[in-house]
Amino acid sequence: MSQILHGIGVSPGAVAGHVVRLAPPPPEPSAGGTVENPQLEADRAIAALADVAKLLRGRGATVGGTAEQVLEAEAMMAEDPELHDRIAALVADGRSAARAVHEGLTGFAETLRSLGGYLGERVADLEDIRFRAIALLTDVPMPGVPVLTTPSILVARDLAPADTAVLDPAQVLGFVTELGGPTSHTAILAKQLGIPAVVGCPGAADLESRRQVVVDGFAGEVVVDPPETILRSVAARAAARAAATAPTGPGRTADGTPVALLVNVGTVVDALKAAAAESEGVGLFRTEVLYLSRSTAPPVQAQVQAYRAVFEAFAGRKVVVRTLDAGADKPLPFVHHGHEANPALGVRGLRVSRHQPELLKDQLAAIAEASTDCPAEVWVMAPMVSTPLEAAEFVEQARGFGLTTVGAMVEVPAAALRAERVLQSCDFVSIGTNDLAQYTMAADRMEAALADLLDTWQPALLDLVAAVAEGGRRTGRPVGVCGEAASDPLLALVLVGLGVTSLSMAATSLPPVRRALAAHTLEQCREIARAVRDADDAASARTAVRRLVDPDLLALL
Ligand code: PEP
Ligand code: MG
């Protein structure tokens, strides 16, 4: 009897395979025993943490790009002096090195968990450090991805970024985790690797090794012991994808309406990789990713170098640079937020310039210098703009540095509702559906338990997208989408039907989105969008769209 587990599809594609489970975490070190030389014991604990940091950095260097930055941030947590002091105090109090690491990191994680927000996300990183350090100290195998000899489906309670980053797409057909939300690091890295993945999937942790499953990263389903019919349909989908000639060239609908297809990048390495994909440029350059692990503000010339490298990689194409979006899920050590009870509603994004205006000034100066005589068409935009006044002030400031095409991200419902006024000063806007979903639904974007509310098919979110597109139509200005919604091929049709003029996504998502657009006219997209806005919830919106789209296209997703 087959069984279906439901989770969040974060990286599309359907695959069948057998389960391989991650090596389990080491057993909890016992609390008993005596320590003869506390100094030696404390040194052992700190040395193990240093080895973990080294391992993380080594893995980061192998893969580069955003993954390297994420692993660097995790390595820095293992080196945190406060953590080391806490562990040394525990050893002085009679704990063994392994027990002190266990208690020290568990306590740290509990504190972060109770603070909520993005800090919940860091708990997975702390757990990963704890397990690895204890494995080293107690001489048991390191937890994590086993060496795979046949292509398999990896199943875990959670997958640390350190493991996700080094997954080999040739051996890992897909993966399923019990925890993790749609915008967790793990989900973003999976999409970059192009491995079908389902996260936030209750019941996944109970799947035994060697069980056969189908992972559908598009539908967010895991079929356990799949019947022949499902296996045949997965094989047929794979064969159809391989046989279909993928459309090429600039993004456009079947009747030729242009919809620019762009990529999201976070680092120079990401940009160099993404430049090889067929796209019309970069729709979102998340500059804060470059600096996740810097303890001091990046000097202007270092910024110029990094930005110039990205512009050169996209010579002849457009690059939309987003100014630093620090705070909440993307903390930067050199940006001071003070204590915030709720960082997602705090001083983040453009708001940081209220207290640290020099960061934005330096960055605008660096972008302007890097774009002088550069081969790319450079646009710049600010994150977390809430009011037309904030937009106008940002535009004026950026123009003062000689930047010519200046816009705002629409991620806050207030900005969406007043998009026409925001667009009166801006040359363009780009909708960040990840944050817009979070603020529209009052649901923390890191909270896997609220994934149904964060679903980008929520009609309320799409009503706000429609309001922004209407502002774009009235002012004659472009309205892009650069949140994860843009990478869902069916939702892309909805967005275009609502009036969105460009879509930006992970490079691996470009072909299915290009294909979906090429199979539908603008009028069909509009009809699809109307059906979604008539729906009462995300599930019925999806069902309505599946009935309207080209059935041959569905077979290819
Ligand atoms: C968004 O919020 O949709 C977005 C693109 O920005 P980020 O995911 O970096 O917050
Ligand atoms: Mg955002």
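Up top is the structure.
Residues numbered from 1 in each chain as written. Chains lettered and ligands numbered in written order. Predicted model: local features only at pLDDT ≥ 70, side-chain atom pairs only at ≥ 80, totals over all residues. Heavy atoms only, no water.

**Focus: the nonpolar core**
Here is the rule: To qualify as a nonpolar core, a set must consist of buried Ala, Val, Leu, Ile, Met, Phe, Trp, Tyr and Cys residues joined through side-chain atoms within 4.5 Å. Accessibility here uses a 1.4 Å probe with only protein chains present; expressed as a share of the type maximum, an area under 20% marks a residue as buried, one over 50% as exposed, and anything in between as partly exposed. Secondary structure elements are taken from DSSP: a helix is a run of H or I of four residues or more, a strand is a run of E of two residues or more, and numbering for both begins at the N terminus. The contact criterion used is simple: two residues touch if any of their non-hydrogen atoms lie within 4.5 Å.
Formed by 98 residues in total, the largest nonpolar core has its most connected members in Tyr 307, Phe 311, Val 494 and Leu 503. The greatest single-element share of this core, amounting to 8 residues, is contributed by helix 18 (residues 489-498). Among all residues touching Leu 503, those that are not within four sequence positions of it are Val 259, Ala 260, Leu 261, Leu 262, Val 481, Ala 486, Ala 492, Leu 495, Val 496, Val 513 and Leu 517. Membership of the second largest hydrophobic core comes to 27 residues, among which are Ala 53, Leu 90, Leu 105 and Leu 137.

**A look at the layout of surface pockets**
How we decide: Whether a set of points on the 1 Å grid over the protein atoms alone is a cavity depends on a 1.4 Å probe fitting there but being unable to get out, while an open set qualifies as a pocket with protein on both sides within 12 Å along at least five of seven lines; lining residues are those with an atom within 4 Å of a point. Grid points are joined across faces, edges and corners, and a volume is the space filled by probe spheres set on the points. Any residue that is not Ala, Val, Leu, Ile, Met, Phe, Trp, Tyr, Cys, Pro, Asp, Glu, Lys or Arg is counted as polar, Gly included; the first ten are nonpolar and the last four charged.
In this structure, the second largest pocket encloses a volume near 1,100 Å³. If you go around the second largest pocket, you meet 48 residues; those closest to its centre are Ile 8, Gly 9, Phe 218, Ala 219 and Arg 542. Of the residues assigned to the lining of the second largest pocket, the class counts are 23 nonpolar, 14 polar and 11 charged.

**Things to note about the site of ligand 1**
Here is the rule: Whether a residue is near a molecule or strand depends on its heavy atoms: it is near if one of them lies within 4 Å of it. Any pair of nitrogen or oxygen atoms within 3.5 Å is treated as a polar contact; in protein, a donor-acceptor pairing is required on top of that, and neighbouring residues in sequence qualify only through side-chain atoms on both sides. Molecule-in-pocket calls rest on the fraction of atoms, with more than half required to lie within 2 Å of the cavity or pocket grid points.
The environment of ligand 1 is made up of 14 residues, and the closest members are Arg 286, Arg 322, Lys 330, Asn 434 and Arg 445. Between ligand 1 and the protein, one listed contact pairs an oxygen atom with a side-chain N or O atom of Arg 286 at 2.7 Å. In this structure, Arg 445 approaches ligand 1 through a side-chain N or O atom, which is 2.9 Å from an oxygen atom. One can see that ligand 1 is located within the second largest cavity. Of all the secondary-structure elements, those providing two or more residues to the shell around ligand 1 are strand 10 (281-286) and helix 15 (433-441). Residue contributions to the shell around ligand 1 peak at 3 residues, all from helix 15.

**A word on the sheet that holds strand 8 (residues 221-224)**
What counts is decided by this rule: Any two strands between which DSSP finds at least two bridges are classified as paired. Here an angle of 0 to 180 degrees is reported between the N-to-C directions of two axes, which are lines fitted to C-alpha atoms, with helices fitted over the stretch in contact.
Here we have 8 strands laid out as an open sheet, ordered 1-8-7-3-4-5-6-2, and mixed in their pairing. In this open sheet, the two strands that pair with only one neighbour each are strand 1 (3-6) and strand 2 (8-11). Averaged over neighbouring strand pairs, the angle between their axes works out to 30 degrees when direction is ignored. Examined bridge by bridge, strand 2 and strand 6 (residues 197-199) share 3 bridges and lie antiparallel to one another.

Interpretation note: all reported values are geometric properties and have no functional meaning in isolation.
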